[in-house]
Amino acid sequence: MADSQHTINVLNHLLAIHNRSLPVYLASAQPWLGRNGAHALSVLEDIAKAHLAMVDRVGELIIELEGVVRQGEFPMKFSGWHDLSVEFMIDRCIECQRLDIERIEKCVQWLADSPRARVLAEESLGEAKAHLEALEEL
């Protein structure tokens, strides 16, 4: 049986990865679209919605485990990116998504002794890899 506080801490880390992702940030600080930016923005909005849905699922499990949900904070570097072109931001999103995948893989490992939490982290990892593919296709 996993230590409950360890599981909650890792789940909060996983939650913050999704809740403070670059696509979530850009959903409220829309980049400059340019000529062909509408499709890219649509993809980013879909990713942000999926991230927030995962936040809800992870948050529910944290609460079920009697933990406190910690939202996390956006990285400061994001604040300088909100007014740049969506094309530029796609490259930044790809970079951030690759880092997030590495971070989520660690969460999966850290949750080895907590089957329910690990399954959720594995689902998160699968979604993150699919989001990376969608971003790379842009």
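Residues numbered from 1 in each chain as written. Predicted model: local features only at pLDDT ≥ 70, side-chain atom pairs only at ≥ 80, totals over all residues. Heavy atoms only, no water.

Chemist: Teacher, can you tell me more about helix H1 (residues 4-19) here?
Modeler: Between its terminal C-alpha atoms H1 stretches 22 Å, which fits the 22 Å expected from 16 residues at 1.5 Å a residue. Along H1, the residues that are buried comprise Thr7, Ile8, Val10, Leu11, Asn12, Leu14, Leu15, Ala16, Ile17, His18 and Asn19. Next to the buried residues of H1 lie helix H2 (22-28), helix H3 (37-64), helix H4 (86-110) and helix H5 (115-137). (Helix = DSSP H or I, 4+ residues; strand = E, 2+ residues; numbered from the N terminus. Expected span 1.5 Å × (residues − 1). Buried < 20%, exposed > 50% of the residue type's maximum accessible area, 1.4 Å probe, protein only. Contact = heavy atoms within 4.5 Å.)

Chemist: Any chance you could explain the packing of aromatic side chains here in plain terms?
Modeler: What characterises a pair of aromatic rings is the spacing of the ring centres plus the angle enclosed by the ring planes. If you walk through the whole model with that rule in mind, you get four aromatic pairs. Geometrically, the ring pair formed by Phe74 and Phe78 is tilted, given 6.3 Å between the ring centres and 50° between the ring planes. The rings of Tyr25, Phe74, Phe78 and Trp81 are connected pair by pair, giving a single aromatic cluster. Here the guanidinium or amino end of Arg92 rests over the ring plane of Phe88, the centre of that ring lying 4.3 Å away. (Phe/Tyr/Trp six-rings, centres within 6.5 Å; stacked < 30°, edge-to-face > 60°. Lys NZ or Arg CZ within 6 Å of the ring centre and 35° of its normal.)

Chemist: Mind showing me how you'd approach unusual backbone geometry here?
Modeler: Across residues other than glycine, the phi torsion is negative in most instances, and most of the peptide bonds are trans. Phi is positive for Glu66, close to 65°, though the residue is something other than glycine. With respect to the helices and strands, Glu66 occurs in the loop between H3 and H4. For Glu66, a relative accessible area of 73% corresponds to the exposed category.

Chemist: Teacher, can you tell me more about the packing of H1 against H4 here?
Modeler: Packed helix pairs are specified by the crossing angle of their axes together with the interaxial distance, meaning the distance between the axes. Viewed as axis vectors pointing N to C, H1 and H4 meet at an angle of 165°, and their least axial separation amounts to 10 Å. It follows that H1 is roughly antiparallel to H4 by the angle criterion. For the pair H1 and H4, the sense of crossing is left-handed. Residue-level contacts link His6, Val10, His13, Leu14, Ile17 and His18 of H1 to Asp100, Arg103, Ile104, Cys107 and Trp110 of H4. The class makeup of the residues in the contact of H1 with H4 is six nonpolar, three polar and two charged. (Axes fitted to C-alpha atoms, helices over the stretch in contact; angles between N-to-C directions. Parallel < 35°, antiparallel > 145°, perpendicular 65-115°, else oblique. Left-handed = near helix turned anticlockwise from the far one by under 90°. Nonpolar A, V, L, I, M, F, W, Y, C, P; charged D, E, K, R; others polar.)

Chemist: What is the right way to look at the environment of Leu26 in this model?
Modeler: Relative to the helices and strands, Leu26 resides in helix H2. Linking Leu26 and Met89, residues 63 residues apart in sequence, is a C-alpha distance of 8.9 Å. Those residues in contact with Leu26, other than ones at most four positions away along the chain, are Pro31, Leu44, Met89 and Cys93.

Chemist: When you look at the pattern of salt bridges in this model, what are you seeing that I'm missing?
Modeler: A side chain of one charge can pair with a side chain of the opposite charge when the charged atoms of the two come close. All told, the structure shown has six salt bridges when counted by the stated rule. One salt bridge in this structure joins Asp100 and Arg103, with 3.0 Å as the shortest N-O distance. On the criterion of helical spacing, the pair formed by Asp100 and Arg103 is a turn pair, its members being three residues apart in helix H4. By relative accessible area, which is 9% here, Asp100 ends up buried. Two residues, Arg118 and Glu122, come together in a salt bridge whose shortest N-O distance is 2.9 Å. (Salt bridge = Lys/Arg side-chain N within 4 Å of Asp/Glu carboxyl O.)

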